[in-house]
Each structure stands twice: as C-alpha cells, then as structure tokens.
Amino acid sequence: PSATPPATRTRPTPSAPAVRTSRTTTRVATWVLAAAVVGASLYGLLAETPYRSLPEATVVSARAQDACSIAVAALLILLVRPAVGSTAAHLTRLGLLAYLLYSYLIYVTGVPMNRVFLLYVLIVGLSGAGLLGGLRGLLDDPPTTTASPRLVRTTGWVLVVTAVLFAGLWLSTLVPYALGGSPPS
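Scoring rules and cut-offs
Residues numbered from 1 in each chain as written. Predicted model: local features only at pLDDT ≥ 70, side-chain atom pairs only at ≥ 80, totals over all residues. Heavy atoms only, no water. Salt bridge = Lys/Arg side-chain N within 4 Å of Asp/Glu carboxyl O. Helix = DSSP H or I, 4+ residues; strand = E, 2+ residues; numbered from the N terminus. Buried < 20%, exposed > 50% of the residue type's maximum accessible area, 1.4 Å probe, protein only. Patch = residues over 30% accessible without salt bridge, like charges linked within 9 Å, V, L, I, M, F, W, Y side chains within 5 Å. Areas by Shrake-Rupley, 256 points an atom, 1.4 Å probe, with all protein chains shown as cover. Axes fitted to C-alpha atoms, helices over the stretch in contact; angles between N-to-C directions. Left-handed = near helix turned anticlockwise from the far one by under 90°. Contact = heavy atoms within 4.5 Å. Nonpolar A, V, L, I, M, F, W, Y, C, P; charged D, E, K, R; others polar. Phe/Tyr/Trp six-rings, centres within 6.5 Å; stacked < 30°, edge-to-face > 60°. Core = buried A, V, L, I, M, F, W, Y, C linked by side-chain atoms within 4.5 Å. 1 Å grid on protein atoms, 1.4 Å probe; cavity = no way out; pocket = protein on both sides within 12 Å on 5 of 7 lines; lining within 4 Å. Points joined across faces, edges and corners; volume = space filled by probe spheres on them. pLDDT = per-residue confidence, 0-100.

*Asks:* Help me understand the pattern of salt bridges, please; the structure alone is not making it clear to me.
*Replies:* Oppositely charged side chains can form a pair if their charged atoms are brought close together. Inspection of the entire model under this criterion finds one salt bridge. Note that Asp-140 and Arg-136 form a salt bridge whose closest N and O atoms lie 3.1 Å from each other. Of this pair, Asp-140 and Arg-136 both sit in helix α4 (residues 117-140), four residues apart, which is roughly one turn of the helix. With a relative accessible area of 34%, Asp-140 lands in the partly exposed category.

Here it is as structure tokens:
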C-alpha cells in the first residue's frame, strides 16, 4: 500500500489585482496620513497659541514633536514608493506608524482641543489601521530571519525588562497619588 503524503497547510496566493489594490490602498492612505501629519504639525509650529493653557515646557516639547513628525511623514512617503518593498522598509514603516499612533493619541487625549483636533483623530485612525494591517501581514507571512536564537532571546528579555522598568516608574508616581498622596508634579 502506498503511503499518502501528510497534509500540509497551504496559503492561497493572492491574485495580482488583489495585491495591486492593497498596495494602492496603502499608498493612498499613507499620502493622506502624511498630509494630515504635515497639516497638524505646521499648525502646531506656526499658529500663535496652538497648545493653549499648557506649561511652556510642554509647548516646547510639542513643537519639537511637530518638527519630528514632519520628518516621519516624509519618511513614510519614501517607504511606500513602488520601488521600495523590502522587509526592512516594511518594518520601518510599521515603527513609524506606531510612533504616530502613540504621539497623536497623546494629542487627542492630553492636549486642549484646538482647530486641528479632527486631524489628530484622523492621524490616530489611519496610523492605527495601518499598523494593525501591517502587523496582520507579518503574521500571515512572517519574514525570514538570520538571527541566532541567543540574539532573539536577549532582545526579548531587554524589551521585557524595559517594559517592567517603565511600568515601575509610572506606578511609583501614580500609586501614591491614588492612595491619597499629593498629586505628581
């Protein structure tokens, strides 16, 4: 009797039009995202009081972040050009989207509402959707790696320790206040 080959899981290969549509959608969404980031950042840099009622140090930090965000928008545009399709470019794009998501979530929740609030919301939505879509793509088709298991383990532990230290830092400030202490300065 002949042995039947073991069942293997195969992924359906996407058709060319579906891949083209996905890339086109990504490109268009990135251009819209970049335009929103540049618009919001220019408002923050050029308006007289874009961050009203915030301490001066926070305003300086927000304006520095606005300048950095313009550079991030330019990088995103460069990374979605048709000629750029490497794994490194994709991972860099995901990192930039994570930066925008984190940064503009702070603007949405921690900055007094201003004239570009809806741009902040648009940036959060587009960067979050792009990040989730990109991560989903990584799960569906993970990149190959040449990293040694030791490097992977060490990197993982560095990230875990960093997360624990940051959590401890925040909790050391917030828990005393939550238990009736004086507000954090």
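*Asks:* Mind showing me how you'd approach a nonpolar patch on the surface here?
*Replies:* A grouping of Trp-157, Val-160, Val-161, Val-164 and Leu-165 is seen on the molecular surface, where their side chains present a nonpolar patch of about 520 Å² in accessible area. Leu-165 sits in the exposed class, given a relative accessible area of 59%.

*Asks:* How do you make sense of the packing of helix α3 (residues 87-110) against α4 when you look at a structure like this?
*Replies:* Helix packing geometry: the angle between the two helix axes and the distance between the axes. With their axes 8 Å apart at the nearest point, α3 and α4 run at an angle of 145° to one another. In this structure, the crossing between α3 and α4 has a hand that is left-handed. Touching His-90, Leu-91, Arg-93, Leu-94, Leu-97, Ala-98, Leu-100, Leu-101, Tyr-104, Leu-105, Tyr-107 and Val-108 of α3 are Phe-117, Tyr-120, Val-121, Ile-123, Val-124, Ser-127, Gly-128, Gly-130, Leu-131, Gly-134, Leu-135 and Leu-138, all from α4. In terms of residue class, the contact of α3 with α4 is built from 18 nonpolar, five polar and one charged.

*Asks:* In this structure, what is going on with unusual backbone geometry? I would like to understand it.
*Replies:* What is expected of a backbone is that most residues other than glycine have negative phi and most peptide bonds are trans. In this structure, Ser-53 is a non-glycine residue whose phi angle is positive, near 60°. Examined against the element boundaries, Ser-53 turns out to sit in the loop between α1 (16-46) and α2 (56-79). With relative accessibility at 68%, the residue Ser-53 sits in the exposed group.

*Asks:* Sorry if this is basic, but what is going on with the packing of aromatic side chains here?
*Replies:* One pass over the full model with this rule turns up four aromatic pairs. Relative to Tyr-120, the ring of Tyr-107 has its centre 5.0 Å away and its plane inclined at 65°; by these criteria the two rings are edge-to-face. Of the two residues, Tyr-107 is situated in helix α3 and Tyr-120 in helix α4; the sequence distance between them amounts to 13 residues. Across the pair, exposure class does not vary: Tyr-107 and Tyr-120 are buried alike. Members of the aromatic cluster, joined through ring pairs, are Tyr-51, Tyr-104, Tyr-107 and Tyr-120.

*Asks:* Could you clarify how one ought to interpret the nonpolar core in this entry?
*Replies:* A general feature of soluble globular proteins is that nonpolar side chains tend to end up buried together. Leu-100, Tyr-104, Tyr-120 and Ile-123 are the most contacted members of the largest nonpolar core, which has 29 residues in total. At the level of elements, α1, α2, α3 and α4 are the ones that each hand at least two residues to this core. Not counting the four nearest positions on each side in its chain, Tyr-104 is found in contact with Val-37, Ala-40, Ser-41, Asp-66, Ser-69, Tyr-120, Ile-123 and Val-124.

*Asks:* Would you mind going over the layout of surface pockets with me for this structure?
*Replies:* Unfilled space is identified by rolling a water-sized probe across the atoms. Approximately 160 Å³ is the volume found for the second largest pocket. Around the second largest pocket, the lining residues are Leu-54, Thr-58, Ser-61, Ala-62, Gln-65, Ile-106, Tyr-107, Gly-110 and Val-111. Considering every element that reaches the lining of the second largest pocket, the biggest residue donor is α2, with four residues. The class makeup of the residues in the lining of the second largest pocket is five nonpolar, four polar and no charged.

*Asks:* How do you make sense of the confidence of the model for the protein chain when you look at a structure like this?
*Replies:* Where the model shows low pLDDT, its predicted coordinates should not be examined in detail. Mean pLDDT over the protein chain: 87, with 89% of residues reaching 70 or higher. No element of the protein chain has a lower mean pLDDT than α1, at 84, and none a higher one than α2, at 95. This model gives residues 8-12 a pLDDT under 50, and the stretch forms three contacts once residues within four places in sequence are excluded. For residues 14-20, every residue scores under 50 in pLDDT, and the model assigns this stretch one contact once sequence neighbours within four places are set aside.

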